[in-house]
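Overview (structure and organization)
Chain by chain, the residues:
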Amino acid sequence: MLRIICVIFILVMPACLNKDFDELKDIPRTGDEQKYRIIDRNRIGFHFNYQKGHNSVNIEVPRDVQMILLDNRYQEVDYFFFLKFNKWFKDLVFHNGIMPIMQNETIDCDNFAMLYKSLFGVAAYASKNSQEFAVASMVVVQMHEFGGIPKGGAHMLNLVFTNKDWYVFEPQTGKFIELHKYPNQKYIKYIIL
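What this report covers is the structure whose coordinates are included nearby.

On to the nonpolar core, then. Counting 24 residues, the largest nonpolar core has Phe-48, Leu-159, Phe-161, Val-168, Leu-179, Tyr-182 and Ile-188 as its most contacted members. Contributing elements (two or more residues each) for this core: helix 2 (41-49), strand 5 (135-141), strand 6 (154-161), strand 7 (166-170) and strand 9 (188-192). Setting aside residues no more than four positions away along its own chain, Leu-179 makes contact with Phe-48, Ile-59, Val-61, Leu-159, Trp-166, Tyr-167, Val-168, Gln-185 and Ile-188. Listed in part, the 22 residues of the second largest apolar core include Phe-85, Phe-89, Leu-119 and Phe-120.

The pairing of strand 7 with strand 8 (residues 175-178) spans four bridges and is antiparallel. Across the sheet, Glu-170 pairs through a bridge with Lys-175, a residue of strand 8.

Under the definition given, this model contains four salt bridges. With its nearest N and O atoms 3.3 Å apart, the salt bridge here joins Arg-37 to Glu-76. Residue Arg-37 is found in the loop between helix 1 (2-16) and strand 1 (38-40), and its partner Glu-76 is found in the loop between strand 3 (73-75) and helix 3 (79-95); the two are separated by 39 residues along the sequence. With a relative accessible area of 3%, Glu-76 lands in the buried category.

Note on placement: Pro-150 falls in the loop between strand 5 and strand 6. Apart from residues no more than four positions distant in its own chain, Pro-150 is found in contact with Gln-142 and Glu-145.

Cut-off values and rules
- Residues numbered from 1 in each chain as written.
- Predicted model: local features only at pLDDT ≥ 70, side-chain atom pairs only at ≥ 80, totals over all residues.
- Heavy atoms only, no water.
- Core = buried A, V, L, I, M, F, W, Y, C linked by side-chain atoms within 4.5 Å.
- Buried < 20%, exposed > 50% of the residue type's maximum accessible area, 1.4 Å probe, protein only.
- Helix = DSSP H or I, 4+ residues; strand = E, 2+ residues; numbered from the N terminus.
- Contact = heavy atoms within 4.5 Å.
- Pairing = 2+ DSSP bridges.
- Salt bridge = Lys/Arg side-chain N within 4 Å of Asp/Glu carboxyl O.

Following this line, the structure appears as structure tokens:
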């Protein structure tokens, strides 16, 4: 009986997936442009050179971490907008069948991290912001398990600079943690903002 239920579930589940990305029209918006700190090259350089995170908390990110800033200035993300966006992102990937299970090279960690960062850029545009949100993709050597992803090898996830703290976000599972508590911060190799 259990086998029959499992087979029915496996057959019915894909039929529930609607891969039309209609949810993009509902991308979260901030309303009026929020007046949060601007993050630029000088601020980023200072924090990572002196191993200081949000509110000058000590971090263990290597001083020689490779930073790539694709714009000149970024807007800090409102913490509650971060939570709202994360819920929307989780719904988007679930309803469109973009699941981090049985993945191959076409949909693995780098694809999830870049999709998350890109959609945050679309949210900034839809909100009529003058700067992109401060959301980075981050390459790390996964020495310790985090967010449901086992240790081992290179891994890509996100770093979100909010007004409450800086958060490492695992886009495959929706888990996040403050950068200064992230177990792999010593092994961060690249931050692409």
